[in-house]
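What the coordinates show
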Amino acid sequence: MTAIGPAGPAGPSAPPAPGRSAATGGGVAGTARGSVFGLAGSAANALFGFVLVAVVTHGLGARGAGAVFTGVAAFTILSNALKLGADTALVRFVSRDLELSGGAGVPALLRTAVLPTLLASTAGAAVLWCSPGLAGWLLPDLATGQAVAMLRLFAVFLPVTTVALVLLGATRGYGSVVPFVGVEQIGKPALRVLLAVPLVLLAPGVAGLSAAWLAPGVLGAVAAWVSLRRSLRRHPGSGQPPSQSREFWSFAGPRAVSSVFDITAVWIGVIMLSVLGSGTEAGIYTAIGRLVTAGTLLQLAIRLAVAPQISRLLAGGEEPEAHRLHRLSTRWIALFSWPVFAVLAAFPGTVLSLFGPGFAGGGSAGLLTVAVACLVNVGVGNAQTVLLMAGRSVWNLVVAGAAFVVQLGSGVWLVPRYGVLGAAVSWGLAIVVDNGASALLARYRLGFRTVDRGYVHAAVIAAGTVALPVFALRALYGDTVPAAVLGIVLAIGAFGTAVWRYRLPLGVGEFFGALRKRGSGNSR
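Parameters at a glance
Residues numbered from 1 in each chain as written. Predicted model: local features only at pLDDT ≥ 70, side-chain atom pairs only at ≥ 80, totals over all residues. Heavy atoms only, no water. pLDDT = per-residue confidence, 0-100. Contact = heavy atoms within 4.5 Å. Helix = DSSP H or I, 4+ residues; strand = E, 2+ residues; numbered from the N terminus. Buried < 20%, exposed > 50% of the residue type's maximum accessible area, 1.4 Å probe, protein only. Patch = residues over 30% accessible without salt bridge, like charges linked within 9 Å, V, L, I, M, F, W, Y side chains within 5 Å. Areas by Shrake-Rupley, 256 points an atom, 1.4 Å probe, with all protein chains shown as cover. Salt bridge = Lys/Arg side-chain N within 4 Å of Asp/Glu carboxyl O. Lys, Arg positive; Asp, Glu negative; His and termini not counted. Charge placed at Lys NZ, Arg CZ, Asp CG, Glu CD. Axes fitted to C-alpha atoms, helices over the stretch in contact; angles between N-to-C directions. Parallel < 35°, antiparallel > 145°, perpendicular 65-115°, else oblique. Left-handed = near helix turned anticlockwise from the far one by under 90°. Nonpolar A, V, L, I, M, F, W, Y, C, P; charged D, E, K, R; others polar. Core = buried A, V, L, I, M, F, W, Y, C linked by side-chain atoms within 4.5 Å.

With respect to the confidence of the model for the protein chain
Keep in mind that low pLDDT regions are not for reading the predicted coordinates in detail. Across the protein chain, pLDDT averages 82, with 88% of residues at or above 70. In this model, residues 1–25 is a region of pLDDT below 50 whose contacts with residues beyond four sequence positions or in other chains number 54 contacts. Overall, residues 515–524 carries pLDDT values under 50, and its contacts beyond four positions in sequence, including any with other chains, amount to 23 contacts.

Examining the environment of Ala 196
Looking at the element boundaries, Ala 196 is found in helix H7 (residues 178–202). Take Ala 196: its relative accessible area is 1%, and that puts it in the buried class. A C-alpha to C-alpha distance of 8.2 Å links Ala 196 and Gly 208, two positions 12 residues apart in sequence. Apart from the residues within four sequence positions on either side, Ala 196 is in contact with Leu 52, Val 55, Leu 209 and Ala 212.

Let's talk about a positive patch on the surface
On the surface, a cluster of positive charge is made up of Arg 229, Arg 230, Arg 233 and Arg 234. Position of Arg 230 among the secondary structure elements: in helix H9 (residues 216–234).

Brief notes about the environment of Pro 236
Residue placement: Pro 236 occurs in the loop between H9 and helix H10 (245–276). A relative accessible area of 60% means that Pro 236 is categorised as exposed. Taking C-alpha positions, Pro 236 is 9.4 Å from Ser 101, a pair spaced 135 residues apart along the chain. Each residue touching Pro 236, except ones within four places of it in the same chain, is listed here: Gly 102, Gly 103 and Ala 104.

Structural notes on the packing of H10 against helix H18 (residues 420–444)
Pairs of packed helices are described in terms of their axes, by the angle between the two and the distance that separates them. Their axes nearest at 9 Å, the elements H10 and H18 cross at an angle of 165°. With respect to H18, the element H10 is oriented roughly antiparallel. Considering the relative orientation of H10 and H18, their crossing is right-handed. Of H18, the residues touching H10 (which contributes Asp 262, Ala 265, Val 266, Gly 269, Met 272 and Leu 273) are Val 420, Ala 423, Ser 426, Trp 427 and Asp 434. Taken together, the residues that form the contact of H10 with H18 break down as 7 nonpolar, 2 polar and 2 charged.

Concerning the environment of Gly 253
For Gly 253, the position within the fold is in helix H10. For the pair Gly 253 and Val 394, spaced 141 residues apart in sequence, the C-alpha to C-alpha distance is 8.8 Å.

Thoughts on the nonpolar core
With 121 residues, the main nonpolar core has Leu 90, Phe 248 and Leu 352 as its most contacted residues. Contact partners of Leu 90, with chain neighbours within four places excluded, come to Ser 95, Leu 109, Leu 110, Ala 113, Val 166, Gly 169, Ala 170, Gly 173 and Phe 248. In this structure, Leu 335, Val 343, Val 470 and Ala 491 belong to the second largest nonpolar core, which totals 16 residues.

Thoughts on unusual backbone geometry
Its identity is not glycine, yet Leu 84 carries a phi of approximately 60°, on the positive side. Locating Leu 84 in the fold gives a position in the loop between helix H2 (27–82) and helix H3 (86–101).

Following this line, the structure appears as C-alpha cells:
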C-alpha cells in the first residue's frame, strides 16, 4: 500500500493531523489499552460461551446440542459470507480516512458498504426460507418439519445480524474496540445465557434454544448503530474526502471470500460431523472449539486493537513503528497464550469432562491435536491482520483458500473414519497452513519480522515454566483432576516469577507503562 501522509501541514498554529486526533490512541499505547479491554471482553465471551454450551448440552444431550450448534455453525458461516468483507474493509478504510480527512469520507464509505450487504443478506435469507430440502440435509437427526422450522428461524435473523457486523467494523475503524466488545463479546453472549437457562429448566427444546441464541442479535444491531452515530458526530472531518468506492470493493471482494474460509474453518467440522458422523460427535467437537477459542483470547483481543493502529501507521508513512508494533504484540500473544495450550494439550480429558459425561472419552485426542496446532497460530501473532491492513487482501484470500482446501479435503476422508479426531486433524492442518503461510508473506514480502530477542525469551519461559511441569505431572499421574490442578498451580508460580525477572526484554513493562499513559505517543 502506498504510504499517504496527513492532508495538510500541522504547524504551531495548525490543528493536529486528522488521524492523530481521531484515533483513541496511537501505536503501542492505543494497542495496549484496547487489548486490555478486548481481553476482558474475550474472557467474558469465552465464559458465557462455555456456560451456554454446558447449558445446552446438559439440557438436550450431545445429540440435541449437536443439532442446535449445527444450525449456529451454518448461520455464522452464512452471515460472515454475506457481509461481503465490508466489515474488515471499513476497519482499514475508516482508519485511513481519519488520517487523510479527519473522517469526512466515512458517511460515503458507509453508504458504499451497508446497502450491498443488506441486499445480499436479505437474498440469502430468502433462499434459506425457500429451501426445505437443505434443512433435511443439514439437520438429519431432526424430524423434517422441525428441521424446516429451525432453518427458517435462522433465516429471519440473518439480515439484521449481518448488517450489525458491518456497522461494528466501522466503529473499530475509529480506533475503539468498546462497541464491538460490548455487543459481540459481552452483551449478546450474556443475553443468550440469560435466555437459555430458564428455557432449559422449563421447556428444553431445539427450536427454543436456537431462538435464544438468535434474539440478542436485534438488540446488538441497535447498539451498533447508536455507537456508530456517536462516532460520526465526534469526527465530522475537516478535509476533502478521497473517492474510495472502487478501491473499497477491490479490497473487500477478496476479503469476502477469505472471511468465509476463516469462519468455515471453525465450524465446518461441526457440519461434517453432523452430516458424515453423528449429532453426538458434533456436540463434542463444539466443546473443543469453545476451549480453543478460550486459548486465543489474548490474540483476538490484540487483533481488535492492533488492526486500525497498523492501518493508520502505514497510511501515515510510519512503517518502522508499524513493524515494531507487530513484533511487540506478537511477543505478548505468544508469552501469555502458549501456556494455555500447553495445559490443554497435557490434560485434554480433564478439561473436556467439565462439559459432562462422554465428552472426555470422545474428544481428548481431538483437543490435543488442535491445541498443538494452535501453538503455531499464537506463535506468529496476527500475521493475517498485517496482510489485510497493508491492503493485501488477495494474498490473504490465496492463503485462506489453500488452508480451506486442505481442511475440507482431509476432513472428507478423515471424518467418516475417525470422527471427532479426524475433524480435529483436518482443522489443525488448516491452522498450520494458514498461519504459517501468512507469517512467511508478512516477513519476506512486507518486512514484518516476528522473532527477536524478546520473542526467544517468551518461548523459553513458556516451555520451561509451564510445559515442563504440566507434562511431567501428566506422565506421573495421568490425565486426572489432581494432576491438572497441581500442574497449573506450579506453572502459575514459576511463570509469574520468570515474567517478572525478565520483564524488560519481554516488553511487559512497556505494555503496562502504555496503559498508564493516556497520550497517544510511544510509551517509552
